[in-house]
Amino acid sequence: MGTVHLNGHSLTLDDVIKVARCGYKVDLDPAAKAFVKRGASAVEEWVKEGKIVYGITTGFGDLASVTIPPEQSEILQENLLKSHASGVGEPFAEEVVRAIMLLRINTLIRGFSGISLETLSLLVDLLNNGIHPVIPSQGSVGASGDLCPLSHLALALLGLSDVFYRGQRMPAAEALEQACLKPVKLKPKEGLALNNGTAATTAIASLVLYDALNLSKTADIAGAMSLEALHGVPYAFDSRTHDLRPHFGQRSSASNIRRLIEGSEIVKAFEGSRVQDAYSLRCIPQVHGASRDALDFVRQKIDIEINSVTDNPLIFPADGEALSGGNFHAQPIALAMDFLGIAVAELACISERRVARLIDHKLSGLPAFLMENSGVNSGFMIPQYVCAALVSENKVLAHPSSVDSIPTSANQEDHVSMGAYAARKGRTILSNAQKVIAIELLAATQALDFSSPLKPGKGVYKAYRLIRKKVPFLEEDVFMAPLIEEVMSLVESGEIIKAVEEEIGELDLGQISKP
């Protein structure tokens, strides 16, 4: 078990995955702790002076004009969290909660939020001890940050609400006691520091992006398998073509296809059979590549956001000022995740078209529905229906959330991002796309057997052999759903990519570094 060191500036997507999925712990940079203390001290001084500062000596949102006396400042912060913890829906998965906690810590350690080191340290202790607050998945509009889910997170620091600990759901107070931790009493500004920001939206987005980057590689593998199974020709992947239109994603996808089919006996045997293929084969680099470029844009935004300060007001101790701004507005991530949803939906869309060609004997030259004795056997007929259903769902889900602003807080917050839902539906689109590409891999593996004894390229053959370890060649109809699940597990775990890359080296992601 490793540790990720946090200073608020250098967190990476890989670090998010380590903490969220691999159980890594975190610690705080000693130099950064000094900034946290300085910010907290400034807030204490302002309260003593009776200085009017939003969220510290005033109410929140449309109640910003209501002045709060110093003796009620602590009650103000606790009431903020209690009232704002109004979420509904299924709780976020553990990996999402861990990512949210990590990103909140990484923001707060910058020292511009006015939180005390004591409160921040308890949040670190919760994460490191595996105490995960129960955070309902619905309720954020993505400005003033993720107020609702982050309030559920923060309540656990007070010993309120529920958490998951050691595999059980229990009251937060009980989990803290079992872990020998004590709840905190909030100081001025701390409730607002904890619940105002984009950590929930960005945490979901980070996990989805990581998986989408891997899926873009898997899509190239599936496309190459279908190309070989359909006796496609290699001309469309010639580097000379792509050098004349040098989009990074397009060139990287074409390069991957060339490497995946390298040494193919099938391609060699059929390359003179036609001069070009249908678009779903010929345009793999252009379509997959465009999605890859979109993911590159999303990664740029995520890399910035996970190291940003996104609450309000921001404390500038050196200047003696607290500035109210709008860094909590999740529009940069909302737009990025809408773009990701469209990009990933397209990976599934073109994959479904390849599945449709594989099963159609009039187009493929293969047995109808990939079974010799079709008629009495339906073969891969219905898996293509499933792909069609999933692709259709994605077309609806790909409608952007960010265009659907709705005013909140008595029109004080009159434009919101809907970033949290953009991230959540991105996760759904990705899951659907993983299923479609898994079905393509399964169908293409079945189809490749009809070219035996000719072997496919080195990369394709490695993927084929891995799938064949899990799923046999089908000579007659069987219960199909468990076979799809087997291939799905290879897609989700990244085993397909690992096996292929062990054979031909790392697949190219273009301008993007590996996830």
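Look up: the structure comes first, before these words.
The sections below set out a description of the structure shown in this document. (Residues numbered from 1 in each chain as written. Predicted model: local features only at pLDDT ≥ 70, side-chain atom pairs only at ≥ 80, totals over all residues. Heavy atoms only, no water.)

1. A look at the overall build of the protein
Broken down by element type, the protein carries 21 helices and 9 strands. In terms of C-alpha radius of gyration, the protein reaches 26 Å, essentially the compact-globule figure of 24 Å for 515 residues. Its C-alpha atoms give the protein principal-axis dimensions of about 85 × 50 × 40 Å. With 515 residues in all, the protein has 57% of them scored as buried. (Helix = DSSP H or I, 4+ residues; strand = E, 2+ residues; numbered from the N terminus. Rg over C-alpha atoms; globule rule 2.2 N^0.38 Å. Buried < 20%, exposed > 50% of the residue type's maximum accessible area, 1.4 Å probe, protein only.)

2. With respect to helix H1 (residues 13-22)
Of the positions making up H1, those classed as buried are Leu 13, Asp 15, Val 16, Ile 17, Val 19 and Ala 20. Looking at the buried positions of H1, the neighbouring elements they touch are strand S1 (3-6), strand S2 (25-28), helix H4 (94-108), helix H5 (117-128), helix H9 (199-229) and helix H14 (284-305). Two residues or fewer after H1 comes Gly 23, characterised by a positive phi angle close to 75°. (Contact = heavy atoms within 4.5 Å.)

3. Focus on the environment of Asn 129
You can see Asn 129 is positioned in the loop between H5 and strand S4 (132-133). By relative accessible area, Asn 129 is classed as partly exposed at 35%. C-alpha of Asn 129 to C-alpha of Gly 289: the two residues are 160 residues apart in sequence and 41 Å apart in space. Apart from the residues within four sequence positions on either side, Asn 129 is in contact with Tyr 165, Ala 179 and Leu 181.

4. Let's talk about helix H2 (residues 30-49)
Along an α-helix, residues three or four apart share an orientation, since each turn contains 3.6 residues. With 20 residues, H2 extends 30 Å between its outermost C-alpha atoms, agreeing within 8% with the 28 Å of an ideal straight helix rising 1.5 Å per residue. Close packing links the buried residues of H2 with helix H3 (73-84), H4, H5, strand S8 (314-316) and strand S9 (321-323). The backbone nitrogen of Ala 31 lies 3.0 Å from a side-chain oxygen of the residue at the head of H2, namely Asp 29. One or two steps after H2, the chain reaches Gly 50, where phi turns positive at roughly 75°. (Expected span 1.5 Å × (residues − 1). Polar contact = N/O pair within 3.5 Å; in protein donor to acceptor, adjacent residues only side chain to side chain.)

5. Topic: the sheet that holds S4
Taken in spatial order, the 3 strands of this open sheet run S4-S6-S7, and their pairing is antiparallel. Unpaired on one side and paired on the other, S4 and strand S7 (168-171) mark the two borders of the sheet. Relative to strand S6 (residues 162-165), S4 runs antiparallel, the two being bridged by 2 bridges. Paired with Pro 133 across the two strands is Val 163, which belongs to S6. (Pairing = 2+ DSSP bridges.)

6. Points about the side chain of Asn 394
Following the sequence through the fold, Asn 394 ends up in helix H17 (residues 381-397). Within the local environment of Asn 394, its side chain forms a polar contact with the backbone oxygen of Ile 429, the two atoms lying 3.4 Å apart. Discounting residues that sit within four places of it in the chain, Asn 394 has contacts with Ala 345, Ala 348, Thr 428, Ile 429, Asn 432 and Ala 433.

7. Let's talk about the side chain of Gln 250
Locating Gln 250 in the fold gives a position in helix H11 (residues 248-260). Among residues more than four places away in sequence, those in contact with Gln 250 are His 242, Arg 245, Pro 285, Gln 286 and Gly 289.

8. Some thoughts on the pattern of salt bridges
Any two side chains of opposite charge can pair, given that their charged atoms come close. Taken as a whole and judged by the stated rule, the model has 18 salt bridges. Between Asp 277 and Arg 274 there is a salt bridge, with the nearest N and O atoms lying 2.9 Å from each other. For Asp 277, a relative accessible area of 8% corresponds to the buried category. Residue Arg 274 is classed as partly exposed on the basis of its relative accessible area of 32%. One salt bridge connects Asp 303 with Arg 299, and the closest N-O pair in it is separated by 3.8 Å. Separated by 4 residues within a single helix, Asp 303 and Arg 299 lie in helix H14, roughly one turn from each other. Assessed through its relative accessible area of 32%, Asp 303 is described here as partly exposed. (Salt bridge = Lys/Arg side-chain N within 4 Å of Asp/Glu carboxyl O.)

9. Digging into a nonpolar patch on the surface
Judged by side-chain polarity, Phe 297, Phe 339 and Ile 342 come together as a nonpolar surface patch covering roughly 240 Å² of accessible area. Secondary-structure assignment places Phe 339 in helix H15 (residues 331-359). (Patch = residues over 30% accessible without salt bridge, like charges linked within 9 Å, V, L, I, M, F, W, Y side chains within 5 Å. Areas by Shrake-Rupley, 256 points an atom, 1.4 Å probe, with all protein chains shown as cover.)

10. Regarding the nonpolar core
Residues Ile 100, Ile 221, Met 225 and Leu 441 are the most contacted members of the largest nonpolar core, which totals 142 residues. Among the elements that make up this core, the one with the highest residue count is H9 (19 residues). If sequence neighbours within four positions are ignored, Leu 441 has contacts with Thr 218, Ile 221, Ala 222, Met 225, Ile 467, Val 487, Val 491 and Ile 496. Ranked by size, the runner-up nonpolar core spans 7 residues in total, among them Ala 42, Trp 46, Val 47 and Val 53. (Core = buried A, V, L, I, M, F, W, Y, C linked by side-chain atoms within 4.5 Å.)

11. Here we look at unusual backbone geometry
Keep in mind that most residues, glycine aside, have a negative phi and that most peptide bonds are trans. Along the chain, Ala 143 connects to Ser 144 via a cis peptide bond; the corresponding omega equals -10°. With respect to the helices and strands, Ser 144 occurs in the loop between strand S5 (136-138) and helix H6 (147-155). Cis geometry is adopted by the peptide bond preceding Pro 313, which originates at Asn 312 and carries an omega value of -5°. Considering the arrangement of structural elements, one finds Pro 313 in the loop between H14 and S8.

In short, geometric facts, not functional conclusions.
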